[in-house]
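Coordinate analysis (summary)
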Amino acid sequence: MKTMMQGIAPLTARLEPWMESVMADTQLCAELLERHGSPLNLHNFSAMERNVAELRAAAANHDITFQIYLARKANKTIGAVEQAAASDCGIDVASLNELRQVLDTGVPGEKIVLTAAVKSTALLRLAVTNNVVISLDNYDEAAELLGLEPIPGKPLRVALRLASDDPAIPPTRFGLKAEHWLNDLNTLDAHQRLKIEGIHFHLNGYDHTQRAILIVEALSFIERLRMLGHRPSFIDMGGGIPMSYLESAAQWDHFWSELSALPAGNEELTWKSDRLGAQGPAPSAAVYPYHQSLVRGPWLDRLLRSRPDGQPLSIADRLRSQNIELRCEPGRSLLDGCGITLASVAFSKSRSDGMPLVGLHMNRTQCRSTSADFLLDPILLQAAEPVRERSPLSGFLVGAYCIEEELLLRRRFDFPHGVAPRDIVVFPNTAGYLMHIVESASHQLPLAANLRWDGQGWVPDAIDELV
Ligand SMILES: *Cc1c(COP(=O)(O)O)cnc(C)c1O
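What you see is a predicted model; the values in this text were computed from it and never measured.

A separate point is the environment of Ala-346. As for its placement among the helices and strands, Ala-346 is situated in strand S11 (residues 339–350). A C-alpha to C-alpha distance of 7.9 Å links Ala-346 and Ala-420, two positions 74 residues apart in sequence. Excluding anything up to four places from it in sequence, Ala-346 contacts Gly-359, Leu-360, His-361 and Pro-421.

So this is what it looks like as structure tokens:
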């Protein structure tokens with residue numbers, strides 16, 4: 001395929017076959033945008049099964065009991081929930097509406113874990129009513145739960161959220177240290193009333209050595225809880241299982257070394273020579289590591305093999321010998337390969353100083369996560385009707401919010417064959433976080449529609465009728 005659009009230091013996305021076939025049908029893309037508006041999120045969840053299988057194979061290799069919970073906050077569609085359930089995964093929910101919708105989809109409460117950072121009384125009650133395990137974060141939350149009107153036949157099933165005591169682990173707002181939990185359980189006189197089924201943690205970043213440290217801490221916490229008469233049976237290590245968006249490690253390194261070499265004010269690579277948080281030629285910590293070499297299955301294998309404190313027993317050996325199931329809550333890496341975002345070109349023009357700009361029918365919350373930028377080259381489909389005259393340009397993508405800094409991406413792109421209104425820009429591999437985590441309807445602009453492939457065609461996802 002002729003390259004119609006490319007970053008000046010290119011970052012070429014890995015593409016699934018289904019993405020290639022959608023993009024090969026420019027007519028279809030144009031019709032879908034016409035019908036559903038721009039931007040438009042397309043989902044094909046077939047890749048999720050493969051991602052799940054990869055993790056399960058790594059766990060099976062170590063002969064441990066293992067379960068996967070899709071972190072729903074990474075993608076709001078009902079299709080993602082249904083695919084996860086079809087692959088026999090559980091669901092990790094982070095709010096009352098997330099929990100309601102997952103229950104309404106038919107997922108039994110026993111396959112749901114509630115990890116919301118802040119939990120209302122209504123949320124706690126709905127979880128208890130449906131036998132959902134609640135990841136308890138703190139003393140006040142535990143008191144709130146214990147204060148609920150008891151529901152006959154419904155035990156208070158909880159996992160204690162553990163904050164590490166190890167100086168190698170950065171401080172966290174989430175959970176409590178084991179010592180604090182033991183004190184609090186005594187103060188609350190909670191030993192009889194809480195059914196402590198497991199230990200939960202979720203760490204920032206993607207480091208398997210940190211997870212190994214936490215698993216060891218959780219295992220010793222479990223020993224102490226067992227001595228107090230509890231019967232925890234699992235450790236849930238949260239998300240942060242890494243994935244890689246790029247084919248090429250060399251492109252990733254090249255981009256950062258080029259960026260660090262740019263003189264201040266030079267806009268050859270990024271808007272106003274934005275360093276994206278980088279201090280030197282190393283990749284910035286303010287963006288997702290778009291290239292990683294150890295991902296998903298091999299990453300889990302490495303974790304299970306590891307011996308964090310130099311003991312002869314590996315993590316897998318210890319889980320097996322203490323008869324503990326390992327659970328995880330991947331969001332991004334389960335949704336790898338499951339979505340793309342299409343947007344229509346509205347205009348091209350020059351900034352007042354001559355810098356070329358390309359405007360899309362889209363705003364910057366519609367392909368963005370909480371990090372500084374989405375670092376993949378979009379793909380341009382020539383769809384302009386009537387066919388327009390084009391001349392090459394190199395500039396920035398701007399969006400619909402009435403803000404000077406309304407950049408859809410911070411990087412600069414080459415359009416070697418030009419660009420025209422009604423051409424289509426495709427943002428690749430956006431299903432994990434990029435579509436939904438910060439999307440806003442500011443200016444009363446509607447949220448993007450969500451379609452999914454049902455095996456025969458593109459159909460609306462039920463989430464768009466719910467909200
Ligand atoms: C966000 C989150 C996840 C998912 O993290 P990923 O990086 O998408 O895998 C899992 N569990 C909890 C508690 C979270 O907050």
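Glancing now at the site of the ligand. If you check the shell around the ligand, you find 14 residues, and the closest are Lys-73, Gly-240, Glu-329, Arg-332 and Tyr-433. Here Asp-92 contributes a side-chain N or O atom positioned 3.3 Å from a nitrogen atom of the ligand. In this structure, an oxygen atom belonging to the ligand sits 2.9 Å away from a main-chain N or O atom of Arg-332. About the coverage of the ligand: the protein hides 89% of its 390 Å² of free accessible area. In a pocket analysis with a 2 Å cut-off to the grid points, the ligand is assigned to the largest pocket. Split by residue class, the shell around the ligand holds three nonpolar, six polar and five charged.

On to the packing of helix H5 (residues 96–104) against helix H6 (residues 121–129). Look at H5 against H6: their axes get within 9 Å of each other, and the N-to-C directions meet at 25°. Comparing their axes, H6 and H5 come out roughly parallel. For the pair H5 and H6, the sense of crossing is left-handed. For the pair formed by H5 and H6, the contact residues are Leu-96, Leu-99, Arg-100 and Leu-103 on the first element and Ala-122, Leu-123, Leu-126 and Ala-127 on the second.

For the rest of this paragraph, the subject is the layout of surface pockets. Counted as a void, the largest pocket has a volume near 1,100 Å³. Grouping the constituent residues of the lining of the largest pocket by class yields 22 nonpolar, 15 polar and seven charged.

As annotated by UniProt and renumbered to match this structure, "domain: Orn/DAP/Arg decarboxylase 2 N-terminal" (unreviewed entry) occupies residues 63–249. Taken as a whole, residues 63–249 contains 35% helix and 18% strand, while its terminal C-alpha atoms sit 32 Å from one another.

Along the chain, the position of Ala-94 falls in the loop between strand S4 (90–93) and H5. Ala-94 sits 221 residues away from Ile-315 along the chain, and the two C-alpha atoms are 28 Å apart.

Turning to the sheet that holds strand S5 (residues 112–114), a few remarks are in order. Strands sit in the order S3-S4-S5-S6-S7-S8-S9-S10 around a closed barrel of eight strands; the barrel is parallel. Ignoring which end each strand starts from, the neighbouring axes of this sheet average 30° apart. Here strand S3 (residues 66–71) runs beside strand S10 (residues 325–328); their pairing, made up of three bridges, is parallel. Residue pairing across strands places Gln-67 opposite Arg-327, the latter belonging to S10.

What counts, and where the lines are drawn
Residues numbered from 1 in each chain as written. Predicted model: local features only at pLDDT ≥ 70, side-chain atom pairs only at ≥ 80, totals over all residues. Heavy atoms only, no water. Helix = DSSP H or I, 4+ residues; strand = E, 2+ residues; numbered from the N terminus. Contact = heavy atoms within 4.5 Å. Near = heavy atom within 4 Å. Polar contact = N/O pair within 3.5 Å; in protein donor to acceptor, adjacent residues only side chain to side chain. Areas by Shrake-Rupley, 256 points an atom, 1.4 Å probe, with all protein chains shown as cover. 1 Å grid on protein atoms, 1.4 Å probe; cavity = no way out; pocket = protein on both sides within 12 Å on 5 of 7 lines; lining within 4 Å. Sits in = over half its atoms within 2 Å of the grid points. Nonpolar A, V, L, I, M, F, W, Y, C, P; charged D, E, K, R; others polar. Axes fitted to C-alpha atoms, helices over the stretch in contact; angles between N-to-C directions. Parallel < 35°, antiparallel > 145°, perpendicular 65-115°, else oblique. Left-handed = near helix turned anticlockwise from the far one by under 90°. Points joined across faces, edges and corners; volume = space filled by probe spheres on them. UniProt positions renumbered as here; feature names shortened; annotations may be inferred. Pairing = 2+ DSSP bridges.

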